[in-house]
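# Structural features, examined
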Amino acid sequence: QVQLVESGGGLVQAGGSLRLSCAASGSIFNFNAMGWYRQAPGRQRELVAIINSSANTNYADSVKGRFTISRANARNTVYLQMNSLKPEDTAVYYCKLNVYASSSRRFVDYWGQGTQVTVSS
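Further remarks concern the state of the cysteines. Under the counting rule described, the total for this entry stands at 1 disulfide. There is a disulfide in this structure between Cys22 and Cys95, and the S-S distance comes to 2.1 Å. Measuring handedness by torsion sign, the sulfur bridge of Cys22 and Cys95 sits at about -85° and is left-handed. Of this pair, Cys22 sits in strand β3 (residues 18–25) while Cys95 sits in strand β9 (residues 91–101), and the two are 73 residues apart along the sequence.

Below, the structure written as structure tokens:
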């Protein structure tokens, strides 16, 4: 069983910084990508940033230039450095791991429990 644990969330003032961490436990094979999503009250979950096995990254337009996603050498840990935070960044942030399941011959997602990020004005 794959377990993802996020940490680093909290309360910060607008303009501040925060770094989120996500560690996936267990033996991870066929790593494809890890990413961050967020969901604010009354809104749908949205992509924040993704990094794949080739270290290519993709960001939501709303966070480009402010957020940076990175990956550890173990390839099962991902970070999200968030700078110049805005109140609209307030949301629950979820970590996602995407792997290829050889047994079922398909890519599957694993999700963390989420960590709350609150940005005050």
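There is more to say, and it comes next.
A separate point is the pattern of salt bridges. Using the criterion set out here, one finds 5 salt bridges in the structure. In this structure, the salt-bridge partner of Asp109 is Lys96, at a minimum N-O distance of 4.0 Å. Of the two residues, Asp109 sits in strand β10 (residues 106–111) while Lys96 sits in strand β9, which places them 13 residues apart along the sequence. Residue classification places Asp109 among the partly exposed residues on the basis of a relative accessible area of 38%. Classification of Lys96 by relative accessible area gives buried; the value is 10%. Salt bridges here are not isolated pairs; linked through shared partners, they connect Arg38, Glu46, Arg66 and Asp89.

What follows deals with the sheet that holds strand β8 (residues 77–82). Pairing in this open sheet of 4 strands is antiparallel, and the strands run β1-β3-β8-β7 from one edge to the other. Lying at the two open borders of the sheet, with one neighbouring strand each, are β1 (3–7) and β7 (67–71). Across this sheet, the average inter-strand angle for adjacent strands is 15°, counted without regard to direction. Here β1 pairs with β3 via 5 bridges, running antiparallel.

A word on the nonpolar core. Core analysis: the biggest nonpolar cluster contains 31 residues, and Trp36, Leu80, Met82 and Tyr93 have the highest contact counts within it. Those elements giving two or more residues to this core turn out to be β3, β4 (31–39), β5 (46–52), β7, β8, β9 and β11 (115–120). Looking at which element gives the most residues to this core, the answer is β9, with 6 residues.

To continue, consider the environment of Gly114. Here Gly114 lies in the loop between β10 and β11. As a C-alpha pair, Gly114 and Ser7 span 107 residues in sequence and 8.4 Å in three-dimensional space. Among all residues touching Gly114, those that are not within four sequence positions of it are Glu6, Val92, Tyr93 and Tyr94.

What counts, and at which threshold
- Residues numbered from 1 in each chain as written.
- Predicted model: local features only at pLDDT ≥ 70, side-chain atom pairs only at ≥ 80, totals over all residues.
- Heavy atoms only, no water.
- Disulfide = S-S within 2.5 Å.
- Helix = DSSP H or I, 4+ residues; strand = E, 2+ residues; numbered from the N terminus.
- Salt bridge = Lys/Arg side-chain N within 4 Å of Asp/Glu carboxyl O.
- Buried < 20%, exposed > 50% of the residue type's maximum accessible area, 1.4 Å probe, protein only.
- Pairing = 2+ DSSP bridges.
- Axes fitted to C-alpha atoms, helices over the stretch in contact; angles between N-to-C directions.
- Core = buried A, V, L, I, M, F, W, Y, C linked by side-chain atoms within 4.5 Å.
- Contact = heavy atoms within 4.5 Å.

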